[in-house]
Every structure is written in structure tokens, then in C-alpha cells.
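Structural characterization, general
Residues per chain, in single letters:
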Amino acid sequence: MPGLIGKKVGMTSVFGADGKNIPCTVIEAGPCVVTQIRTVEKDGYAAVQLAYDETTEKHTSKPLQGHFKKAGTTPRKKLAEFENDFPGEIKLGDVITVENILRDAVPYVDIVGTSKGKGFQGVVHRYHFQGVGGKTHGQHNRLRHPGSMGASSWPSRVFPGMRMAGRMGNERVKVFNLQVIKVIPENNLLVVKGSVPGARGSYVFVEA
């Protein structure tokens, strides 16, 4: 499916036709520049590489500088590939905007982002464990502990995949079928219903 690279601007709310307050996320979707076209004959698959968010040559490696010059565009920070389902013929250097992927008034989009990192967390926060034992009757140091990890006699080890404390968040998350509330093409803004993974200013991928 076609898509765009964008940034999460933040959250707001709008009133629907029925008067209900709808929580929304505002996304700056594009504009993106076509920097490479993948073909089945040459690469084994068909895709379009898009670049987003301008940067300087000072902060761009020499190979990428040549890559962008070949496409006839300035250096960009973020690169990503999408399926070549864009309308019309796509050429190097073409600018893809939010109007291109929402040409048929697409009511829903999928959004991929990186969730906020929470650091090292225990099992109560990470997996919603209820804790061990009650909160009274002499219990003083086990409330937020995970409990038994398995039998001690056999297999005398912890099975892989056991839910334990560890790093939480900072993972790639995809949210499906977010309703498009409003499109503001002059500002490259897309307003969708609900929340989107990631912090303000983080990169997201919008798939229509």
C-alpha cells in the first residue's frame, strides 16, 4: 500500500457532528521526495523509496549525499520504502504529499511508530501482575515480586519467554484502521481519531 513518512505533532480534540468530543492525533504527513524506485527486474520487488525532513550536507554521509544528488533533491534525515501503489507514474525527485495517498478520501489509515521508552520496569508495570500474596498478615517485601519462576526439581531452569522484569517500550508498534477526521493539505497535516505510538516529534509511517 502507498504511504508517507511524517512526524507526530501532538494530540488535540474536535467535536463530531453528533456533538461528542473526539480525541485526535495531529500528524505532519510529508511532503516526501522520491529518491529511489525499486523494480522486480533489478531488485526482485517493486517499491518506492521516500525521503523526509530536510537536513544539511554536514550531517549527511558522502554515500547518501551522492544518493540524494542522483535523485535531484537536498539531503533528508529519514528514508523509508513503501509498496509501489502510488497513483500515476512515479519518477525520481517527485514530491509526494498527503493528497496523493488520500486521493480517494480514504476513511482509515494504518500508522507505524516507535513507542515511548519506559526503561527497566518490573512485572507489575510491564505485564500487569497483581503481586504475590496479600497486603497484610506479615507480608512486607513480596508485593510487587513476580512469584515462582518454575519447579526447582525439574526442569531446574527458567523456560524461554517467561514474563519477567526488563526493558519496556521503545518498540515498533503498528496501529490499524485509525479513522481520518480531517486533512489539511496546505499544511501537510493529517488528523486521525485516537492515539498514535511515540513521543511528540517522533517519526511515523502513514499507510493508506
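Structural data are supplied above this passage.
Everything numeric here is computed off the predicted structure, so don't read it as measured data.

What follows covers the overall build of the protein. Check the secondary structure of the protein and you find 4 helices and 12 strands. Against the 2.2 N^0.38 benchmark of 17 Å for 208 residues, the protein shows a C-alpha radius of gyration of 23 Å, more extended than a compact globule. Overall, the C-alpha framework of the protein stretches about 70 × 50 × 35 Å when taken along its three principal axes. Buried residues in the protein amount to 33% of all 208 residues. Partitioning the intrachain contacts of the protein with sequence separation of at least 6 by distance along the chain shows that 67% fall at a separation of at least 24. About 12800 Å² of surface is accessible on the protein, with carbon and sulfur atoms providing 52% of the total. Each charge class in the protein can be summarised by its mean position, and for the 28 positive and 18 negative side chains these summaries are 15 Å apart.

With the rule as written, the count across this model stands at 6 salt bridges. Its salt-bridge partner being R38, residue E81 comes within 2.8 Å of it at the nearest N-O pair. Taken together, the residues E81 in strand β5 (residues 76-83) and R38 in strand β3 (residues 32-38) connect sequence positions 43 residues apart. Here E81 falls in the partly exposed class, since its relative accessible area comes to 33%.

Next up on the list: the sheet that holds strand β1 (residues 3-15). Around the barrel, 6 strands lie side by side as β1-β2-β11-β10-β7-β12; this closed barrel has antiparallel pairing. Within this sheet the neighbouring strands show an average axis-to-axis angle of 50°, counted without direction. Bridging between strand β10 (residues 172-184) and strand β11 (residues 189-193) involves 4 bridges; their strand directions are antiparallel. Bridge pairing in β11 places V183 opposite L190.

Within the secondary structure, Q179 is located in strand β10. With relative accessibility at 32%, the residue Q179 sits in the partly exposed group. With 71 residues separating them in the primary sequence, Q179 and Y108 have C-alpha atoms 4.5 Å apart. Once residues lying within four places of it in the same chain are set aside, the contact partners of Q179 are P107, Y108, V191, V192 and K193.

Attention shifts here to the pairing of strand β4 (residues 47-54). Where burial is concerned, most of β4 is hidden: 7 out of the 8 residues are buried. Judged from the 7 bridges that link them, β4 and β5 form a sheet pairing that is antiparallel. Among the inter-strand pairings, Y52 is bridged to a residue of β5, identified as K78.

Attention now moves to the sheet that holds β3. The strand order β5-β4-β3-β6 describes an open sheet built from 4 strands, whose pairing is antiparallel. Two strands bound the open sheet, and with one partner strand each, they are β5 and β6 (95-96). Pairing of β3 with β6 involves 2 bridges; the strand directions are antiparallel. When the sheet's bridge partners are listed, C32 is paired in β6 with I96. Strands in contact with helix α2 (residues 62-71) are β3, β4 and β5; relative to β3, the strand with the most contacts, it is inclined by about 95°.

With that out of the way, let us pick up the packing of aromatic side chains. In total, this model carries 3 aromatic pairs according to the counting rule given. Considering the side-chain rings of Y127 and F129, the 6.4 Å spacing of their centres and the 40° angle between planes classify their relative orientation as tilted. According to the relative accessible area criterion, Y127 is partly exposed, its value standing at 30%.

When α2 is considered as a whole, its buried residues turn out to be Q65, F68 and A71. What you see down the axis of α2 is that its buried residues fit within an arc of 125°, all on one side. With respect to the buried face of α2, the exposed residues turned more than 90 degrees away are K62, P63, K69 and K70. Contact partners of the buried residues in α2: β3, β4 and β5.

The rules behind the values
Residues numbered from 1 in each chain as written. Predicted model: local features only at pLDDT ≥ 70, side-chain atom pairs only at ≥ 80, totals over all residues. Heavy atoms only, no water. Helix = DSSP H or I, 4+ residues; strand = E, 2+ residues; numbered from the N terminus. Rg over C-alpha atoms; globule rule 2.2 N^0.38 Å. Buried < 20%, exposed > 50% of the residue type's maximum accessible area, 1.4 Å probe, protein only. Contact = heavy atoms within 4.5 Å. Areas by Shrake-Rupley, 256 points an atom, 1.4 Å probe, with all protein chains shown as cover. Lys, Arg positive; Asp, Glu negative; His and termini not counted. Charge placed at Lys NZ, Arg CZ, Asp CG, Glu CD. Salt bridge = Lys/Arg side-chain N within 4 Å of Asp/Glu carboxyl O. Pairing = 2+ DSSP bridges. Axes fitted to C-alpha atoms, helices over the stretch in contact; angles between N-to-C directions. Phe/Tyr/Trp six-rings, centres within 6.5 Å; stacked < 30°, edge-to-face > 60°. Arc of directions from axis to C-beta.

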